Amino acid sequence: MTSLSRAQARRIALAAQGFLDPPHLPPTMRTLSRSVERTGVLQVDSVNVLQRAHFMPLYSRMGAYDEDLLRRAGGGRADRRLVEYWAHVQALMPVDLWPLMQHRMRLYREQQGKWWRNVPEELTSRLLHQVRDVGASTARQLDDGAPRSTDHWGWNWSQARAGLDYLFMVGELAMAGRTASFEPIYDLPERVLPDRVLAAPTPDDAQAHRELVRRAARSHGVATASCLKDYYRMTLAQVRPAIAELVDAGELEPVSVEGWRRPAFLHRDARRPRAVRSRALLSPFDPLVWERERTERLFDFHYRIEIYTPAHKRVYGYYVLPFLLDDAVVGRVDLKADRKARVLLVQSAHSEPTAPSHTAVELAAELRSLAAWLHLDDVVVAPRGDLAPTLRHALG
């Protein structure tokens, strides 16, 4: 069995995620497509303290790009490239994943009583007819005064929104886009997706599981069964037979990785670079750091998002981004875009024990680039964290 050092596994993972791809200046739709091919999906999240979650992984791999590229990729119909669905969690995924999600849509329909027990069938039927008649709509546009619930901490769910959510999860509606305030816009799949996608055959469950594991393996480069399971939020019962088939077909190679207790699998097309030269700030929702145990094994970097932690209990801050330099995570910064003042706020800056002496200089350059991409005029560093003084000095 092939043995990999932790450093080799780390470099393989970075290459698989696109951090070795040569830059395109300026980035084009081809660059975006290449990056999405690496990441597989782009997680969507409503937090906008810095930038919406789905925009950031592309920036980390492509550099400063025109955000309209992503809007175009997720818009229109005939030439649409991306569509939202529950592919990891809520995520933008390539449209050709739609047929592979049919088994998941069927499962949600079978589980209606578990997740949507308070959504009556007559409501979903009425909503479906309304969308069919009036076209792409938000819940607010279709909400005719249906009673709202405030039981859930995150949303004030109206019955209309719950009904639309169910129809979306079972595939009877698709997401045409989002409003400027991030509200989902729902429409019929045949008015959202290209004909070729709608006409594609639906794979059986085993075929769908195998293809999702194949894609997860390509995006990881090297991974355990647990890593592969998490990428598209599958179960081990779904993943293990798919791994066995891909090993038999020669697409995956069983390997051992230094410090990993569980067996790992190397994708046959994975690049094995001798070195990685990269510099990037990673969103908390970046696929490179989704699976926190994997992040710890690869980078010796303990990372937890603290958005939902009470302020007085936070260790590093509210919206903390790891800083990747070459093939190591060397620091973390709590960032906020103050759009009114037009400044990028560094609310804390911490280095890792193995951070090189030039970390502050490299981080300062990356923060200036990020600020420019976000149309902010300056970077302001608060005096919190061991890296803050040298970072402030590096920024001048």
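No experiment lies behind these values; they were computed from the predicted model shown.

1. Side note on the pattern of salt bridges
- In total, this model carries 26 salt bridges according to the counting rule given.
- In this structure, the salt-bridge partner of Asp-195 is Arg-77, at a minimum N-O distance of 2.2 Å. Here Asp-195, found in helix 10 (residues 195-199), pairs with Arg-77, found in the loop between helix 4 (68-73) and strand 3 (82-86); they are 118 residues apart in sequence, far enough to count as distant.
- Since its relative accessible area comes to 27%, Arg-77 is described here as partly exposed.
- Salt bridges sharing common partners tie together Asp-96, Glu-211, Arg-214, Arg-215 and Glu-251.

2. Side note on the sheet that holds strand 12 (residues 279-281)
- Read from one edge to the other, the open sheet built from five strands follows the order 12-13-14-15-16, with strand pairing classed as mixed. Two strands close off the open sheet at either side, each with one partner strand: strand 12 and strand 16 (378-381). Taking each pair of neighbouring strands and ignoring which way they run, the sheet shows an average axis angle of 30 degrees.
- Sheet topology places strand 13 (residues 320-325) next to strand 14 (residues 328-338); six bridges connect them, and they run antiparallel. Across the sheet, residue Pro-322 finds its bridge partner in strand 14, namely Arg-332.

3. Regarding the confidence of the model for the chain
- The predicted model of the chain has a mean per-residue pLDDT of 94, with 96% of residues at 70 or higher.
- With pLDDT under 50 throughout, residues 152-156 is counted as low confidence; its partners more than four residues away or in other chains account for seven contacts.

4. Examining the packing of helix 15 (residues 359-373) against helix 16 (residues 388-395)
- Contact pair helix 15 / helix 16: the axes reach a minimum separation of 8 Å and the direction vectors enclose 60 degrees. Looking at the two axes, helix 15 sits oblique to helix 16. Crossing of helix 15 against helix 16: the hand is right-handed. The segment helix 15 lies against helix 16, with Ala-360, Val-361, Leu-363, Ala-364, Leu-367 and Arg-368 engaging Thr-390, Leu-391, Ala-394 and Leu-395.

5. Looking at the pairing of strand 4 (residues 90-94)
- Counting buried positions along strand 4 gives five out of five residues, so the element sits mostly inside the fold.
- Note that strand 2 (residues 42-43) and strand 4 share two bridges and pair antiparallel. Following the sheet pairing, Gln-43 is matched in strand 4 by Ala-91.
- As judged from the five bridges shared by strand 3 and strand 4, these two strands associate in the antiparallel manner. Paired with Glu-84 across the strands is Leu-92, a residue of strand 4.
- Between the end of strand 3 and the start of strand 4, which pair antiparallel, lie three residues.

6. Overview of helix 13 (residues 236-248)
- Over its 13 residues, helix 13 runs 18 Å from end to end, which matches the ideal 18 Å to within 8%, given 1.5 Å per residue.
- Tucked into the core, helix 13 has its buried residues touching helix 11 (205-220), helix 12 (225-231), strand 10 (252-257) and strand 11 (264-267).
- Once helix 13 ends, the next one or two residues include Gly-250, with phi positive near 85 degrees.

7. Here's the deal with unusual backbone geometry
- With an omega of -5 degrees, the peptide bond running from Leu-25 to Pro-26 counts as cis.
- Position of Pro-26 relative to the elements: it lies in the loop between helix 1 (6-16) and helix 2 (29-39).
- Despite not being glycine, Asp-300 has its phi angle at roughly 50 degrees, a positive value.
- For Asp-300, the position within the fold is in the loop between helix 14 (292-299) and strand 13.
- Judged by its relative accessible area of 58%, Asp-300 falls in the exposed class.

8. Some details on the side chain of Glu-67
- Following the sequence through the fold, Glu-67 ends up in the loop between helix 3 (56-62) and helix 4.
- Since its relative accessible area comes to 17%, Glu-67 is described here as buried.
- In contact with Glu-67, other than residues within four places in its own chain, are Gln-51, Phe-55 and Trp-373.

9. Points about the side chain of Gln-90
- Structurally, Gln-90 can be placed in strand 4.
- With a relative accessible area of 12%, Gln-90 lands in the buried category.
- A distance of 2.7 Å separates the side chain of Gln-90 from the side chain of Glu-84, its partner in a polar contact.
- If near-sequence neighbours (up to four positions away) are discounted, Gln-90 is found in contact with Leu-42, Gln-43, Val-44, Glu-84, Tyr-85, Phe-168, Met-175 and Arg-178.

10. Quick look at the nonpolar core
- Membership of the largest hydrophobic core comes to 56 residues, with the highest contact counts inside it found for Met-93 and Tyr-232.
- Here this core takes seven residues from helix 9 (residues 159-169), the largest share from any one element.
- Excluding residues within four positions of it along the chain, Met-93 makes contact with Gly-40, Val-41, Arg-81, Leu-82, Val-83, Tyr-85, Ala-87, Trp-98 and Met-101.

11. A word on the packing of aromatic side chains
- In this structure the tally under the stated criterion is eight aromatic pairs.
- When the centroid spacing of 6.4 Å and the interplanar angle of 65 degrees are considered together, the rings of Phe-168 and Tyr-186 count as edge-to-face. Of this pair, Phe-168 sits in helix 9 while Tyr-186 sits in strand 8 (residues 184-187), placing them 18 residues apart in sequence.
- Feature note: the residues Tyr-85, Trp-98, Phe-168 and Tyr-186 constitute an aromatic cluster, connected by ring pairs.
- The ring centre of Phe-182 lies 4.2 Å from the NZ or CZ of Arg-178, which sits over that ring.
- Against the face of Trp-260 rests Arg-297, its NZ or CZ located 4.7 Å from the ring centre.

Parameters at a glance
- Residues numbered from 1 in each chain as written.
- Predicted model: local features only at pLDDT ≥ 70, side-chain atom pairs only at ≥ 80, totals over all residues.
- Heavy atoms only, no water.
- Salt bridge = Lys/Arg side-chain N within 4 Å of Asp/Glu carboxyl O.
- Helix = DSSP H or I, 4+ residues; strand = E, 2+ residues; numbered from the N terminus.
- Buried < 20%, exposed > 50% of the residue type's maximum accessible area, 1.4 Å probe, protein only.
- Pairing = 2+ DSSP bridges.
- Axes fitted to C-alpha atoms, helices over the stretch in contact; angles between N-to-C directions.
- pLDDT = per-residue confidence, 0-100.
- Contact = heavy atoms within 4.5 Å.
- Parallel < 35°, antiparallel > 145°, perpendicular 65-115°, else oblique.
- Left-handed = near helix turned anticlockwise from the far one by under 90°.
- Expected span 1.5 Å × (residues − 1).
- Polar contact = N/O pair within 3.5 Å; in protein donor to acceptor, adjacent residues only side chain to side chain.
- Core = buried A, V, L, I, M, F, W, Y, C linked by side-chain atoms within 4.5 Å.
- Phe/Tyr/Trp six-rings, centres within 6.5 Å; stacked < 30°, edge-to-face > 60°.
- Lys NZ or Arg CZ within 6 Å of the ring centre and 35° of its normal.

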